[in-house]
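If you want the building blocks of each chain, they are given just below.
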Amino acid sequence: MPLVLAATPIGDPRDASQRLREELAGADVVAAEDTRRLRRLAGELGVELTGRVVSYHEHNEASRTADLLEAVTKGERVVLVTDAGMPSVSDPGYRLVRACIDVDQPVTCVPGPSAVLMALAVSGLPVDRFCFEGFLPRKGGERRSVLQELVTERRTMVFFEAPHRIATSLEALAEAFGPERPAAVCRELTKTYEEVRRGGLAELAAWAADGVRGEITIVVAGAERVAIPIEDAVAEVLARRDHGGRLKDVCAAVAISTGHGKKALYDAVVAHRRSLSD
């Protein structure tokens, strides 16, 4: 029997599929991120859980994977669910999927609601190409490094964030990508107080400063295609440098406005200055 990754509603239980109901009712083992939330969902869906229910979350994922893998290899039907959405997508599940694949055990999936796709759909931003970046690092230095790598990313980007960090993350995004970069903050998707705020990153950071509640997904427009050659960007850096300021800071500002990577632009400026001194 395969391991079954079952997507659960991200807010409204009416979004649950009939197949999810059948899988929960027929499972030999249901591994849940939060067993209390699972039982509440089962009650809302009118499903009786006849199989064993075990917890499977970030704190016991490493130790419990072996037990669940053993159940799968014995022919038991193991259904894995998380609190909302698809297991293994910024949620527990990857370890067990990888473990099953490594021993040639089948893995299948019950499709369902996705905060990533819903936020993209309602954001009003281009969705022909996108990338999912999950949660940003909590530490400021690590967060800046990750965002700097994404400065020239042209695909629309999707992030998850906790409510108590949303203002800080939006400020960091505005600093890295520029205050006017279009974005959308989607909170409480499919729930009673669903809200989508659209605007520039600085505007959204100001809105979030007083606090935001609920489950949050951020969608950010990708960088515009570079419109000027690197040589012209270097010339702009040198012109701004004449008015003072650290070279790295000037490069960072020009990189945002031109779409060039900060490091690439800095290296080009250094190389240009060396060529003049030779």
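It should be emphasised that the depicted structure is a prediction, and the values quoted were computed from it without experimental measurement.

A. Up close: the nonpolar core. Ranked by internal contacts, the top residues of the largest apolar core, which has 25 residues, are Phe159, Leu170, Leu173, Phe177 and Val220. Counting residues per element, the ones that place at least two in this core are strand 7 (156-161), helix 7 (166-177), strand 8 (182-187), helix 8 (201-208) and strand 10 (216-220). Broken down by element, the residue count for this core peaks at eight residues, all from helix 7. When near neighbours in sequence (up to four residues on either side) are disregarded, leucine 170 contacts Val185, Leu201, Leu204, Ala205, Ala208 and Ile218. In this structure, Val4, Ala16, Leu20 and Val30 belong to the second largest nonpolar core, which totals 17 residues.

B. Fine view of the sheet that holds strand 2 (residues 29-32). The strand order 3-2-4-1-5 describes an open sheet built from five strands, whose pairing is parallel. On the outer flanks of this sheet lie strand 3 (52-55) and strand 5 (107-110), each paired with one strand and no other. For this sheet, the mean inter-axis angle between neighbouring strands, taken without regard to orientation, is 25 degrees. Against the sheet, helix 2 (residues 35-45) touches strand 2, strand 3 and strand 4 (78-81), its axis set at about 140 degrees to strand 3. Packing against the sheet, helix 3 (residues 61-73) makes contact with strand 1 (3-6), strand 2, strand 3 and strand 4, and its axis sits at approximately 155 degrees to strand 3.

C. Highlighting the sheet that holds strand 9 (residues 195-200). Here five strands make up an open sheet; going across it, the order is 6-7-10-8-9 and the pairing mixed. Strands with a single pairing partner mark the edges of an open sheet, and in this sheet they are strand 6 (130-135) and strand 9. Within the sheet, the average angular offset between the axes of one strand and its neighbour, ignoring direction, is 20 degrees. Here strand 8 pairs with strand 9 via six bridges, running antiparallel. What sits directly across from valine 185, in strand 9, is arginine 197.

D. Region of the structure containing helix 3. Taking 1.5 Å of rise per residue, the 13 residues of helix 3 would be expected to cover 18 Å, and the 18 Å separating its terminal C-alpha atoms lies within 8% of that figure. All of the buried residues in helix 3 are Glu61, Thr65, Leu68, Leu69, Ala71 and Val72. The buried residues of helix 3 occupy an angular sector of 155 degrees when the element is viewed end-on, so they sit on one face. Opposite the buried face of helix 3, at more than 90 degrees from it, the exposed residues are Ser63 and Ala66. Against strand 1, strand 2, strand 3, strand 4 and helix 4 (94-102) lie the buried residues of helix 3. Backbone geometry just after helix 3 places glycine 75 at a positive phi near 95 degrees.

E. Region of interest: unusual backbone geometry. Backbone geometry at serine 88 places phi at a positive 80 degrees, although glycine is not the residue there. Take serine 88: it is sitting in the loop between strand 4 and helix 4. Its identity as a non-glycine residue notwithstanding, threonine 190 has a phi of 75 degrees, on the positive side. Relative to the elements of secondary structure, threonine 190 occurs in the loop between strand 8 and strand 9. By relative accessible area, threonine 190 is classed as buried at 18%.

F. Examining helix 9 (residues 230-241) more closely. Its 12 residues place the ends of helix 9 16 Å apart at the C-alpha level, agreeing with the 16 Å of an ideal helix rising 1.5 Å per residue. By the burial criterion, the buried members of helix 9 are Ala233, Val234 and Val237. In a view along the axis of helix 9, the buried residues occupy a sector of 100 degrees, so they form one face of it. Tucked into the core, helix 9 has its buried residues touching helix 10 (247-258) and helix 11 (262-277).

G. Region of interest: the pattern of salt bridges. Here the structure, examined in full by the defined rule, presents 16 salt bridges. A salt bridge links glutamate 195 to arginine 197, with the shortest nitrogen-to-oxygen separation between them at 3.0 Å. Put simply, lysine 263 and aspartate 267 hold a salt bridge, and the shortest N to O gap is 3.0 Å. Of this pair, lysine 263 and aspartate 267 both sit in helix 11, four residues apart, which is roughly one turn of the helix.

H. Fine view of the packing of aromatic side chains. Scanning the model with the defined rule gives two aromatic pairs in all. Seen from their ring centres, phenylalanine 135 and phenylalanine 160 are 5.7 Å apart, and the 65 degrees between their planes marks the pair as edge-to-face. Here phenylalanine 135 is found in strand 6, whereas its partner phenylalanine 160 is found in strand 7, with 25 residues between them in sequence. The class for phenylalanine 135 is partly exposed, based on a relative accessible area of 42%. Cluster of aromatic residues (ring-pair linked, three or more members): Phe132, Phe135 and Phe160.

I. Quick look at the UniProt feature "domain: Tetrapyrrole methylase" (unreviewed entry) in the protein chain. Sites flagged by UniProt as "domain: Tetrapyrrole methylase" (unreviewed entry) map to residues 3-205. End-to-end, the C-alpha atoms of residues 3-205 are 41 Å apart, and along that stretch the chain is 38% helix and 22% strand.

Cut-off values and rules
- Residues numbered from 1 in each chain as written.
- Predicted model: local features only at pLDDT ≥ 70, side-chain atom pairs only at ≥ 80, totals over all residues.
- Heavy atoms only, no water.
- Core = buried A, V, L, I, M, F, W, Y, C linked by side-chain atoms within 4.5 Å.
- Buried < 20%, exposed > 50% of the residue type's maximum accessible area, 1.4 Å probe, protein only.
- Helix = DSSP H or I, 4+ residues; strand = E, 2+ residues; numbered from the N terminus.
- Contact = heavy atoms within 4.5 Å.
- Pairing = 2+ DSSP bridges.
- Axes fitted to C-alpha atoms, helices over the stretch in contact; angles between N-to-C directions.
- Expected span 1.5 Å × (residues − 1).
- Arc of directions from axis to C-beta.
- Salt bridge = Lys/Arg side-chain N within 4 Å of Asp/Glu carboxyl O.
- Phe/Tyr/Trp six-rings, centres within 6.5 Å; stacked < 30°, edge-to-face > 60°.
- UniProt positions renumbered as here; feature names shortened; annotations may be inferred.

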